[in-house]
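Structural features, examined
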Amino acid sequence: MATQEETFKKIVAHCKEYGFVFPSSEIYDGLGAVYDYGQNGVELKNNIKRYWWDAMTLLHENIVGIDAAIFMHPTTWKASGHVDAFNDPLIDNRDSKKRYRADVLIEDQIAKYDEKIAKELEKARKRFGESFDEELYKQTNERVREHIEKREALHARYAKAMNDNDLAELKQIILDEEIVCPISGTRNWTDVRQFNLMFQTEMGSTADGAMKIYLRPETAQGIFVNFLNVQKTGRMKVPFGIAQIGKAFRNEIVARQFIFRMREFEQMEMQFFVRPGEELKWFEHWKQFRLRWHKALGLGDEKYRFHDHEKLAHYANAATDIEFLMPFGFKEVEGIHSRTNFDLSQHAKFSGKKIEYFDPELNQSYTPYVIETSIGVDRMFLSVMCSSYEEQQLEGGDTRVVLHLPPVLAPVKACIMPLVKKDGLPEKAREIMNELKFDFKVAYDEKDSIGKRYRRQDAVGTPFCITVDHDTEKDGCVTVRYRDTMEQDRVKIEDLHDIIRKATDPKELYKKIVSE
Ligand code: GAP
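Residues numbered from 1 in each chain as written. Predicted model: local features only at pLDDT ≥ 70, side-chain atom pairs only at ≥ 80, totals over all residues. Heavy atoms only, no water.

Considerations on the sheet that holds strand β20 (residues 442-444)
Heads up, the rule is: A pair of strands is considered paired only if DSSP assigns at least 2 bridges between the two. Secondary structure counts use DSSP, requiring at least four H or I residues in a row for a helix and at least two E residues in a row for a strand, with both numbered from the N terminus. The axes used here are C-alpha line fits, helices contributing only the stretch in contact, and every angle between their N-to-C directions lies in the interval 0 to 180 degrees.
The five strands lie next to each other as β20-β19-β21-β22-β23, forming an open sheet whose pairing is mixed. Whereas interior strands pair on both sides, the edge strands pair on one side only; in this sheet they are β20 and β23 (488-492). The sheet shows a mean angle of 25° between the axes of neighbouring strands, taken without regard to direction. Note that strand β22 (residues 477-482) and β23 share five bridges and pair antiparallel.

Put into structure tokens, the structure is as follows:
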């Protein structure tokens with residue numbers, strides 16, 4: 001059995017081999033934590049975005065979209081708090097000259113304790129078998145108790161240091177825990193410093209006339225600064241939402257786990273503006289709606305969980321993450337935040353403009369409160385890939401790699417194949433493809449044996465393979481082979497459209513989301 005780490009490596013390799021994700025500018029040895037999406041990746045990504053966009057803007061008459069620029073007036077980021085507080089605590093090792101996030105070094109140390117505890121428990125489980133009582137063992141086994149106590153003490157000390165923004169204490173924890181640099185193996189650490197994650201550039205041509213601007217670290221601010229524009233021109237009534245999909249940039253110091261943490265990534269964000277006092281009701285509503293959106297894809301209900309934040313940002317009065325079970329554990333894919341009226345009030349203060357809404361029903365003006373749903377396209381992509389990838393052992397000793405992608409998201413919906421490259425079969429296959437291509441992304445393949453062609457389509461997650469054979473001309477039928485079961489059916493050519501539509505139409509999922 002492959003470990004989770006080995007499986008993850010295989011998924012990363014698969015993404016490259018089959019045109020889903022490539023390292024950026026790879027011929028120059030790539031660029032850290034920046035990736036390009038290939039011919040299949042871009043289709044899958046576009047399908048994810050379409051699924052999100054339509055679930056927001058089609059299913060809700062009170063949600064509209066925008067597409068704001070990446071560059072924004074620099075005061076935007078002063079007002080939002082990003083200039084002053086969008087920081088990570090950094091530490092350098094003087095011997096290796098490598099830079100690390102102090103919080104990540106400590107979190108890795110906590111994870112080491114967790115691993116030790118898990119190993120001890122695993123050993124005991126094997127030893128005691130059926131009768132093993134984990135809770136009792138944790139309380140009574142001295143070694144396990146010691147690991148747990150150390151872990152808890154470290155966690156409490158770390159949480160306090162982060163909460164108090166105490167950089168000296170973070171360094172002291174690293175020293176006390178005897179954490180070494182993985183490269184040099186030494187404990188020759190600098191002090192911990194704050195490092196702002198925003199990328200900067202200059203706009204304008206002359207050195208003195210140029211203005212320092214930032215690449216946006218989130219798309220949300222493009223929505224807030226357009227609140228009045230959209231509300232007035234769209235005659236929107238509170239409650240209403242503004243949705244946006246777009247690139248965001250963060251100079252992440254620790255870039256790991258493939259496309260999980262990138263320096264250039266894409267977000268799908270929606271800000272929902274509500275009456276003050278009604279925000280917690282809407283927060284609950286959006287939590288449930290978003291979870292239903294995820295679950296409707298069928299990746300496995302047990303792979304999702306909420307992680308409610310105990311420590312809230314000063315402007316938030318509720319926050320949760322939707323976490324997904326990746327090969328490296330449950331990880332945040334989406335954040336849902338009740339952001340009060342912080343952002344609109346800050347932009348009103350910094351711009352000097354009144355940003356309020358006149359509520360005709362209450363006959364009063366107020367600054368609306370905001371519920372935000374924010375999901376990373378790339379993390380969503382990764383969760384879909386990780387849960388779809390399977391290496392199957394087949395009867396007869398054969399193996400296949402199959403991507404069980406939700407058909408709605410699959411890059412290619414069907415591949416049309418002539419059984420042989422002669423006797424008019426290619427022409428018939430192309431005729432069928434030319435009919436289907438108006439509605440679906442379809443492919444054509446006539447090279448190699450039919451078995452090899454099936455494998456190629458399995459590896460990119462194509463739900464249907466359609467084979468044209470010598471009987472097709474006589475009976476007007478083709479063989480449809482299903483990706484997941486590998487079963488085959490003989491079906492009429494005129495039924496193909498319906499079969500593919502039924503399986504790949506997002507409408508079926510939308511109905512599920514709204515009916516629950
Ligand atoms: N406007 C709120 C906001 O940006 P966030 O929790 O910082 O909140 C929201 O980011 C989502 O964006 C995350 O849940 C994650 O899916 C995605 N995301 C954040 N940083 C990322 C990165 N470096 N690489 C890939 N995705 C990222």
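We are not done yet, so read on.
So, the domain arrangement of the protein
Size of an interface, as often reported, equals the accessible area lost when the parts are brought together. Here is the rule: Those domain boundaries reflect an automatic or database domain assignment. The criterion used for residue contact is that any of the two residues' heavy atoms lie within 4.5 Å. Note on definitions: salt bridges are taken to be side-chain nitrogens of Lys or Arg within 4 Å of carboxyl oxygens of Asp or Glu. Residues adjacent in sequence count toward polar contacts only when both atoms are side-chain atoms; beyond that, a polar contact is any pair of N or O atoms within 3.5 Å, and within protein one must be able to donate a hydrogen and the other to accept it. Residues are sorted three ways: Asp, Glu, Lys and Arg are charged, Ala, Val, Leu, Ile, Met, Phe, Trp, Tyr, Cys and Pro are nonpolar, and all the rest, Gly among them, are polar.
Here the domain parsing of the protein yields domain 1 (1-73 + 209-401), domain 2 (87-196) and domain 3 (412-511). Using only C-alpha atoms to locate each centre, domain 1 and domain 3 end up separated by 34 Å. Each side of the interface is counted separately: domain 1 has 19 residues, and domain 3 has 13 residues. Here Asp-398 and Arg-455 are joined by a salt bridge, their closest N and O atoms 3.6 Å apart. Across the contact surface, domain 1 and domain 3 share five residue pairs in polar contact (both at pLDDT 80 or more). Breaking the side of domain 1 that touches domain 3 down by element, the ones donating at least two residues are α2 (39-57) and β18 (399-403). In terms of residue count, α2 provides more of the side of domain 1 that touches domain 3 than any other element does, seven residues in total. Across the side of domain 1 that touches domain 3, the residue classes tally to nine nonpolar, five polar and five charged.

Things to note about the side chain of Lys-171
Within the secondary structure layout, Lys-171 lies in helix α8 (residues 167-176). Residues contacting Lys-171, with those up to four places away along its chain left out, are Ile-91, Trp-189, Thr-190, Asp-191 and Val-192.

Things to note about the side chain of Asp-321
What counts here: Each residue is placed in one exposure class: buried if its accessible area under a 1.4 Å probe, protein chains only, is under 20% of its type's maximum, exposed if it is over 50%, and partly exposed if it falls in between. Residues scored as positive are Lys and Arg, those scored as negative are Asp and Glu, and His as well as the terminal groups of each chain are ignored.
Structurally, Asp-321 is set in strand β12 (residues 318-326). Here Asp-321 occupies a buried position and makes no salt bridge, while the nearest side chain of opposite charge, Arg-379, is found at 7.7 Å. In this structure the side chain of Asp-321 is engaged in a polar contact, spanning 2.9 Å, whose partner is the side chain of His-309. Not counting residues within four places of it along the chain, the set of residues in contact with Asp-321 comprises Arg-305, Phe-306, His-307, His-309, Glu-332, Glu-334 and Gly-335.

Some details on helix α14 (residues 425-436)
Convention followed: Expected helix span is computed as 1.5 Å times (number of residues minus one). Directions are taken from the helix axis to each C-beta atom, and the arc is the one they span.
Between its terminal C-alpha atoms α14 stretches 17 Å, which fits the 16 Å expected from 12 residues at 1.5 Å a residue. By the burial criterion, the buried members of α14 are Leu-425, Pro-426, Lys-428, Ala-429, Ile-432, Met-433 and Leu-436. An end-on view of α14 places all buried positions within 165° of arc, on one side of the element. Among the exposed residues of α14, those oriented more than 90 degrees off its buried face are Glu-427 and Glu-435. Those residues of α14 hidden inside the fold are in contact with β19 (414-418), β20, β21 (464-468), α16 (472-475), β22 and α17 (496-504).

Thoughts on the environment of Ser-365
Note on placement: Ser-365 falls in strand β15 (residues 364-366). Here Ser-365 falls in the partly exposed class, since its relative accessible area comes to 39%. The spacing of Ser-365 and Ile-355 is 10 residues in sequence and 9.8 Å in space, taken between C-alpha atoms. Excluding residues within four positions of it along the chain, Ser-365 makes contact with Glu-356, Tyr-357 and Phe-358.

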